[in-house]
Structure formats: C-alpha cells, structure tokens
Amino acid sequence: MVVYVSTTDLRCASPFRSKDFDGERSPADYTLPELNRAIKTASRHPPESGISTNRLCSRPVLVLVLLNKQEQSTCGCIDEARRWFDEIPVRNLGVWSILIDGYAKNGYPGEAVELFCLMVEDDLMPNDVTAIAVLSACDLKGGRLVHGMVEKLGLSGAVLLGTAMINMYFRCNDPRSACRVSDCMPEQDHAVWSTMVAGFVLNGLFEEALKYFVEMVSLDLKLEPLGIVNVFKACLAMGDFQTAEEIHRLLDKKGIVMNMNVSSALVDMYMKFGFADWGCSMEAGYFDDMMKASVDPNEVTLASALSACAHSGILGRGVWIHQYIEKKKLGPSVMLTNALMDMYAKCGSIEVAMQLFEGMSVKDISSWNGIINAIARHGASRQALDLFEEMLKYGIRPNSITFVAILSVCSHGALMNSGRQYFDSMSSVYGIEPRVEHYFCMVDLSGRSGLLQGAEEFTEKMAIRADAVVWGALLAACWIHGNVEIAERTALKLIELEPQTSGVHVLLSNIYGGACRWEDASEEKLDERKGNP
C-alpha cells in the first residue's frame, strides 16, 4: 500500500506499518479516520527509515493525494492515485470520498464531479461531506448536476449541504438559483443568512445584501463575521456611509466582540469613505491595546496594521511593524510579505517592495498582483507587463484582479493592441467573465487612444449594462479630444443613470466651450444651476 503525503519534505512513497491495519479486514473497508491516522504515521516514517513492511497487503490498494497545486503540477501524483484507485475491486464510501476530495482540492473539479457520479452509479450513498467537497470546487454545469443528484437522493435538506449549494451558485454568478435553494430549505441558521449576504456582495447585489442583513437583525439571528464584513463592503460599494455608521453603532450596542476580520473591514471602510485618519487611529488603537496587554498579534492583525499604514502613508510605523515581525521571527509568510510589499509601495519605497518580492521563495497570485499594481502606479508600464508575462511562465493563473491591473497599465500607456489581446484572453483562455471594472479600462484605453467611436460601440455592446463610471470615462475622453457629437449622446446616457449629478452638465459645458459653441455652453451652465436633467 502506498500513500503520498502533503509535505514539502516528503514526496515519496511511505508504507503503512502493521499496527495501522489488523490484516483481518479488507483495506478498502477502513474508515476515513483510520486512513488518516495511517497517513500521519507514514508521513513520520519515510521508506529510508527502514521500518518493517511485514503484513502489508499483497496488492496495491490506494494512493491518497493531499498535495497543493505546486506539488501536484510537478510530480503528477493525482494521475497515479487514480490508477491505483481503479485497481480496487470493492471500494467503500471512505475510499471514494478521499479521492473525490483530492480532485476537488487540487484543481480538478471536472474529475471530482465525474467520480461523484460514478460513486452514485456504484450504488453508494454519498454523505454531506463528499457532496460539499465537490460543490466547493465545481463550475455551474457540474454544480447543477450534483445538485440534481443530491435532490434525487434526498440529501438536500441538510443545512450544511444547502449552504454549500448556495455558495456554489453565488460563486458561479447565478444568484437566482442560490435564492431558490435558500427558499426551499426547511431550516436556515445564521450561517445560511451570512452566506446569502456574502453571495449578494460577490455578485454586486449590494442592496439585496443590506436587506438580508437588516432582516437578520430583525430576526435576532447571530451576526457572524462573514455577514458583518460583507455588509460593510456593500455599504462601501453603495457609498452609504450613514448606514455603515448605524451598523457600527448596532454592533457596539449588541456588545459584539470585534475579531480581526471585522476590525479590519471596519477600518478599511472608514478609510475608503475618506476618514483615513479615523480609520488608521482605530487600527492603531486596536494594535496598541494588544501591545499594552502583552498580547502577541497574529498575522491577520499585523497585515491589517500594515494596510492602515499603507492607506495613511505612515512609513515610519510600517517600518517599526516590519522590525517587530523580524524580531519575533514571524516570517517569511506570504500574507505578511504581501502586506509589507503593499505598504512600502504605497508609501513610495518601490525599491524595498521589489526587494521583498524578489526575496519570496513562494509567491501566490496576490503577490504578483501586488507588485504588478505597485510597478504600474509608479509609471513603469513596460516592466509591469514583463512581470505579468513572467508570472505566466511560472504557471501562475491570473485572476480578475490581475486583469484590472494589466488593462490599467495598457490604458495609461495607450497600448491599444496589447489591451485588446489581454481583454480577449480573459474569457477565451482563462474563462474569466469581464466585469464593469474591466470594461471601464477598455473604454478608457480606447478613449486615450482617440478611438471614440469604437469606444462608444464597445460600451453599447457590453455583455453587462454599463454604469455611470464607464459612460463617464467615455465623456471624459470626448472632452480630451473635443468630440461634441459623441459627448452629447454620452451625456444623455449619464443623465438617465444619474439625473441628480451636476458634473455631467459642467463637463458638457466645457466641451461646448472648447468647440466655440458658447450658446450651448451657457445653456448647460444654466441647467446645472437649476438642477435640470
């Protein structure tokens, strides 16, 4: 019997010792906890240790793969696991669950769904844990298939499984199906409600998120960090500072203890609403209170404190935290290094940020996104694009945030061809559906390149409805290039979206003035004073 263990120090086979199995039962009949205990034993005793292999099974039974993406991409153990698995004549639920979970956690959602279906065809009743593992990784098509099978098997009433299905549909941008699952659940706890709030925020349905949160409060349900953090995000996205303040007061009134995630979200919310000093003083207060109480802050707290320093530009305090991290020997951690890199970059020390990045032995997608954004902010467009290409060579898959940074780089550098190629590759190569921020970058890029007609056509044909920010980018481009005709049409769109906004009249008046259409410019100024749309 061979087991592969999840450790960077041991990538070779390790045998089960005799005490891990009694030899009287078929190895396929062992439960998941028993297998896990055997794995831990095997991981402590590599083959070169000379441990006796007496009473091992005469035939191969299972290869369990618990590898991270970096490990599985280099050693290909997941395929070997499947080959060994296929040789087992009789497989119990634990054996199926192990391999399904391995596929799901290591980036093989299609294979996880396929194996789940084969298990059901083999007349084995899956449990909640197995179904949740598949739902956590699969795409919308696979999720619907698993959902249908779960319904037929009569498992859908479980709260945890229902929550996993809701999360899957939200993750796959299908909020209607998520709501249907929620409505059909016979029992809903606070975790389900918090998942709904988080899902609505993920899909940009901020008002729905706020309504759900308010109803949670009215039903006196437990307010979890997941729901609290996301309702602050919703308030921030809607620009509703008053509601955010009321929620903050509600939390204080209820005596809800602020954990690090909630505290960080609260600080971030105040700073992004323009109360940087207030937000930073709150973060500093949390951090200083911990220091005075001789409580060692964890990585989340330190990262949050560094984020406050980054937003406020307080380099000195950031350097002190960096020294504290080194003194306490808390690094190197990917999370902390990313936070340090962001702090130094936003405080103007781009060289230090680059040194930290280059010194990282392990870089995640956030590391690459951070340094690309930092380099781009400092005007080094070509270097930012080179870093992106280097990231791809390392096999790191870009995400939605990466493409916002890359398209922004192309926009500021007026790199129309490169921008179009990167935008097209989002869906065609990486399966990422463009969001409003990506469309904004493309409209801004076309506008900066002087391609106003193309920018207008692109905006009209967007897969999602263009908001005021996208149309505003087009109007600003019309002002730069003096295109009155497109500016007039764009202004009408903006007034339709935001009739109370006076800035449209001001900008259109300036465009008329630039074209020496003084009468039209005066009329726009008059409309702006009257507040007419």
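We now turn to the structure provided with this report. Here the residue numbering is sequential within each chain, running from 1 through the sequence in written order. The predicted origin of the model limits local features to residues at a pLDDT of at least 70 and limits the giving and counting of side-chain atom pairs to 80 or more, whereas totals for whole chains, interfaces and linings rest on all residues. The basis for every side-chain value is the complete set of heavy atoms in the structure, and neither hydrogens nor water enter the calculation.

### Some words on the overall build of the protein
As a reminder of what qualifies: Segments assigned H or I by DSSP are reported as helices when at least four residues long, segments assigned E as strands when at least two residues long, and all are numbered from the N terminus. We call a residue buried when its accessible area falls under 20% of the maximum for its residue type, exposed when it is over 50%, and partly exposed in between, using a 1.4 Å probe and counting protein chains only. What makes two residues a contact is simply this: any of their non-hydrogen atoms within 4.5 Å. For the accessible areas, the method is Shrake-Rupley and the probe is 1.4 Å, while residue cover comes only from the protein chains on display.
Within the protein one finds 29 helices and 0 strands. Every one of the 533 residues in the protein was classed for burial, and the buried ones make up 45%. Long-range contacts, defined here as pairs at least 24 residues apart, represent 60% of the contacts in the protein between residues at least 6 apart. Entry remark: accessible area of the protein is about 26,600 Å², with carbon and sulfur atoms responsible for 52%.

### Brief notes about the pattern of salt bridges
The test is simple: Throughout this description, the term salt bridge denotes a Lys or Arg side-chain nitrogen within 4 Å of a carboxyl oxygen of Asp or Glu.
Inspection of every chain in the model, using the stated rule, returns 10 salt bridges. We note a salt bridge from Asp-424 to Arg-420, for which the minimum N-O separation is 3.4 Å. A residue pair is termed a helical-turn pair when its members lie 3 or 4 positions apart in one helix, as Asp-424 and Arg-420 do in helix 23 (residues 416-428) at 4 residues. What makes Asp-424 partly exposed here is its relative accessible area of 36%. Here Arg-420 falls in the partly exposed class, since its relative accessible area comes to 32%. The partner of Arg-489 in a salt bridge is Glu-485, and the shortest N-O contact between them spans 3.2 Å. You can see Arg-489 and its partner Glu-485 sitting in helix 27 (residues 484-497), 4 residues apart, about one turn around the helix. Residue Arg-489 is classed as partly exposed on the basis of its relative accessible area of 37%.

### A few points about the environment of Leu-445
Mapping Leu-445 onto the fold places it in helix 24 (residues 436-448). For Leu-445, a relative accessible area of 0% corresponds to the buried category. When the C-alpha atoms of Leu-445 and Cys-410 are compared, they prove to be 7.0 Å apart, with 35 residues separating the residues in sequence. Residue contacts for Leu-445: discarding those within four places in its chain leaves Cys-410, Ser-411, Ala-414, Leu-415, Met-416 and Gly-419.

### Notes on helix 11 (residues 206-218)
For clarity, the threshold we go by: By definition here, a helix of n residues has an expected span of 1.5 Å times n minus one. Directions pointing from the helix axis toward each C-beta atom define the arc.
In this model helix 11 runs 19 Å from its N-terminal to its C-terminal C-alpha over 13 residues, within 8% of the 18 Å that 1.5 Å per residue would give. Taken residue by residue, helix 11 has Ala-209, Leu-210, Tyr-212, Phe-213 and Met-216 as its buried positions. Looking straight down helix 11, one finds its buried side chains confined to an arc of 160°; they lie on one side. Opposite the packed face of helix 11, turned more than 90 degrees from it, sit the exposed residues Glu-207, Lys-211 and Ser-218.

### Examining the packing of aromatic side chains
Stated precisely, the cut-off is as follows: Note on ring pairs: Phe, Tyr and Trp rings are taken, using the six-membered ring of Trp, and paired if centres are within 6.5 Å. Classes follow the plane angle, with under 30 degrees stacked, over 60 edge-to-face and the rest tilted. Over a ring means this: the NZ of a Lys or the CZ of an Arg is within 6 Å of the ring centre and within 35 degrees of the ring normal.
Under the criterion given, the structure shown has 13 aromatic pairs. Aromatic pair Phe-200 and Tyr-212: ring centres 5.2 Å apart, planes at 50°, arrangement tilted. Here Tyr-212 lies in helix 11 and Phe-200 lies in helix 10 (residues 190-202), a separation of 12 residues in the sequence. On the basis of an interplanar angle of 90° and a centroid distance of 5.3 Å, the ring pair of Phe-388 and Tyr-422 is categorised as edge-to-face. Placement of the pair is Phe-388 in helix 21 (residues 381-393) and Tyr-422 in helix 23, with a sequence separation of 34 residues. As far as burial versus exposure is concerned, Phe-388 and Tyr-422 are alike and both buried. Taken together, the aromatic side chains of Phe-170, Trp-193, Phe-200 and Tyr-212 make up a single cluster linked through ring pairs. Sitting over the face of the ring of Phe-357, Lys-363 holds its NZ or CZ atom 5.0 Å from the ring centroid.

### Here's the deal with the packing of helix 5 (residues 109-121) against helix 6 (residues 128-135)
The criterion, for reference: Lines are fitted to the C-alpha atoms to define the axes, a helix being fitted only along its stretch in contact, and any angle between axes, read from their N-to-C directions, falls within 0 to 180 degrees. Our angle categories are set so that under 35 degrees counts as roughly parallel, over 145 as roughly antiparallel, 65 to 115 as roughly perpendicular, and the remainder as oblique. Crossing handedness is defined as follows: a turn of the near helix away from the far one that is anticlockwise and smaller than a right angle gives a left-handed crossing, while the clockwise case is right-handed.
The geometry of helix 5 relative to helix 6 is characterised by a closest axis approach of 9 Å and an angle of 150° between their N-to-C directions. Viewed along their axes, helix 5 and helix 6 adopt a mutual orientation that is roughly antiparallel. Pair helix 5 / helix 6 crosses with left-handed handedness. Of the residues in helix 6, those in contact with Ala-112, Val-113, Phe-116 and Met-119 of helix 5 are Thr-130, Ala-131 and Val-134.

### Considerations on the packing of helix 18 (residues 334-346) against helix 19 (residues 350-358)
Put simply, the rule is: Residues were grouped as follows: Ala, Val, Leu, Ile, Met, Phe, Trp, Tyr, Cys and Pro as nonpolar; Asp, Glu, Lys and Arg as charged; and all remaining residues, including Gly, as polar.
The contact between helix 18 and helix 19 brings their axes to 7 Å, and the two run at 160°. Judged by the angle between their axes, helix 18 and helix 19 are roughly antiparallel. Judged by the sense of rotation from one axis to the other, the crossing of helix 18 with helix 19 is left-handed. The residues of helix 19 that touch helix 18, namely those facing Thr-337, Leu-340, Met-341, Tyr-344 and Ala-345, are Ile-350, Val-352, Ala-353, Leu-356 and Phe-357. Partitioned by chemical class, the residues of the contact of helix 18 with helix 19 number 9 nonpolar, 1 polar and no charged.

### Brief notes about the environment of Glu-351
Relative to the assigned elements, Glu-351 resides in helix 19. The sequence separation of Glu-351 and Met-341 amounts to 10 residues, and the corresponding C-alpha distance is 9.8 Å.

### Description of the state of the cysteines
What counts is decided by this rule: Cysteine sulfur atoms are paired as a disulfide whenever they fall within 2.5 Å.
Counting across every chain of the model gives 0 disulfides. Summary of cysteine pairing: Cys-347 is not part of a disulfide, and the nearest cysteine sulfur, belonging to Cys-309, is at 7.0 Å. The buried category is assigned to Cys-347, whose relative accessible area is 18%.

### Quick word on the nonpolar core
Going by this rule: In this description, a nonpolar core means a group of buried Ala, Val, Leu, Ile, Met, Phe, Trp, Tyr and Cys residues linked to one another through side-chain atoms lying within 4.5 Å.
Ranked by size, the top nonpolar core spans 75 residues in total, and within it Met-343, Phe-357, Ile-371, Ile-372, Leu-387 and Tyr-422 carry the most contacts. By residue number, the principal contributor to this core is helix 26 (residues 468-481), which donates 8 residues. Residues Ala-81, Met-149, Ile-228 and Phe-273 belong to the second largest nonpolar core, which totals 64 residues.

### Quick look at helix 19
Within helix 19, burial applies to Ile-350, Ala-353, Met-354, Leu-356 and Phe-357. Viewed end-on, helix 19 has its buried residues packed into an arc of 160°, placing them on one side of the element. Turned more than 90 degrees away from the buried face of helix 19, the exposed residues are Glu-351, Gln-355 and Glu-358. Tucked inside the fold, the buried residues of helix 19 contact helix 17 (315-327), helix 18, helix 20 (365-377) and helix 21.

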